[in-house]
Amino acid sequence: AQRLCIEQAKLHPLEPEVHRLLGIILVARGALKEAEAALRRALYLAPGDDEALGHLALLAERVGHPEQAAALRRRRGAQQESP
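Residues numbered from 1 in each chain as written. Predicted model: local features only at pLDDT ≥ 70, side-chain atom pairs only at ≥ 80, totals over all residues. Heavy atoms only, no water.

1. Looking at the pattern of salt bridges
Selection criterion: By definition here, a salt bridge exists when the distance from a side-chain nitrogen of Lys or Arg to a carboxyl oxygen of Asp or Glu is within 4 Å. By the criteria applied, helices consist of DSSP H or I runs no shorter than four residues and strands consist of E runs no shorter than two, each listed in order from the N terminus. Remark: exposure states derive from per-residue accessible area (1.4 Å probe, protein chains only) relative to the maximum for the residue type, with buried under 20%, exposed over 50%, and partly exposed in between.
For the structure shown, the criterion picks out six salt bridges. Its salt-bridge partner being Asp49, residue Arg20 comes within 2.9 Å of it at the nearest N-O pair. Here Arg20 is found in helix H2 (residues 16-29), whereas its partner Asp49 is found in the loop between helix H3 (32-45) and helix H4 (50-62), with 29 residues between them in sequence. Comparing Arg20 with Asp49 shows no difference in burial state: the two are buried. Note that Asp50 and Arg76 form a salt bridge whose closest N and O atoms lie 2.9 Å from each other. Taken together, the residues Asp50 in helix H4 and Arg76 in helix H5 (residues 66-81) connect sequence positions 26 residues apart. When its relative accessible area of 30% is taken as the criterion, Arg76 is described as partly exposed. What you see here is one network of salt bridges that share partners, running through Arg20, Asp49 and Glu51.

Right, dumping it as structure tokens:
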């Protein structure tokens, strides 16, 4: 799955879904720095990507950055409240 996502990211570098999925796979594999980069890339391409925000918040908490995780959750909550 990781290899396919990397190939798709090369073929479709502006597709946030590909980067989000790659980030999720990388978290599961324990490649946390690479996962963070992929999730941030997804958010750069789609700032309102609720799922990427949630995964990035969980990752921040996992690596010991509770303040960053809280800020990401606030951002996610603010987006969910917007019409």
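2. Brief notes about the side chain of His19
The condition that has to hold: Residue contacts follow a heavy-atom distance rule, with two residues in contact if any of their heavy atoms lie within 4.5 Å.
Among the structural elements, His19 can be located in helix H2. Residue contacts for His19: discarding those within four places in its chain leaves Ala9, His12, Pro13, Ala38, Leu39, Arg41, Ala42 and Leu45.

3. Some points on the packing of H3 against H4
How we decide: Throughout, an axis means a line fitted to C-alpha atoms (over the contacting stretch in the case of helices), and angles, computed between N-to-C directions, take values from 0 to 180 degrees. Should an angle lie under 35 degrees it is considered roughly parallel, over 145 roughly antiparallel, and from 65 to 115 roughly perpendicular; all remaining angles are considered oblique. The hand of a helix crossing depends on one turn: near helix anticlockwise from the far one by less than a right angle means left-handed, and clockwise means right-handed. When residues are grouped by polarity, Ala, Val, Leu, Ile, Met, Phe, Trp, Tyr, Cys and Pro land in nonpolar, Asp, Glu, Lys and Arg in charged, and all others, Gly among them, in polar.
Packing of H3 against H4 brings their axes to within 9 Å, and their N-to-C directions diverge by 150 degrees. Put simply, H3 runs roughly antiparallel to H4. In this structure, H3 meets H4 at a crossing whose hand is left-handed. Seen from H3, the contacting residues are Leu32, Ala35, Glu36, Leu39, Arg40, Ala42 and Leu43; seen from H4, they are Ala52, Leu53, His55, Leu56, Leu59 and Arg62. For the contact of H3 with H4, the class distribution of residues is nine nonpolar, one polar and three charged.

4. Brief notes about the environment of Asp49
Selection criterion: N or O atoms within 3.5 Å of each other form a polar contact, as long as, within protein, one can give a hydrogen and the other can take it, and as long as residues adjacent in sequence are counted only when both atoms are side-chain atoms.
Relative accessible area serves as the criterion here: at 9%, Asp49 is assigned to the buried category. Those residues in contact with Asp49, other than ones at most four positions away along the chain, are Arg20, Ala42, Leu43 and Gln79. There is a polar contact of 2.9 Å between the side chain of Asp49 and the side chain of Arg20. Among the polar contacts made by the side chain of Asp49, one reaches the main-chain amide nitrogen of Ala52 at a distance of 3.0 Å.

These figures come from the coordinates and say nothing about function on their own.
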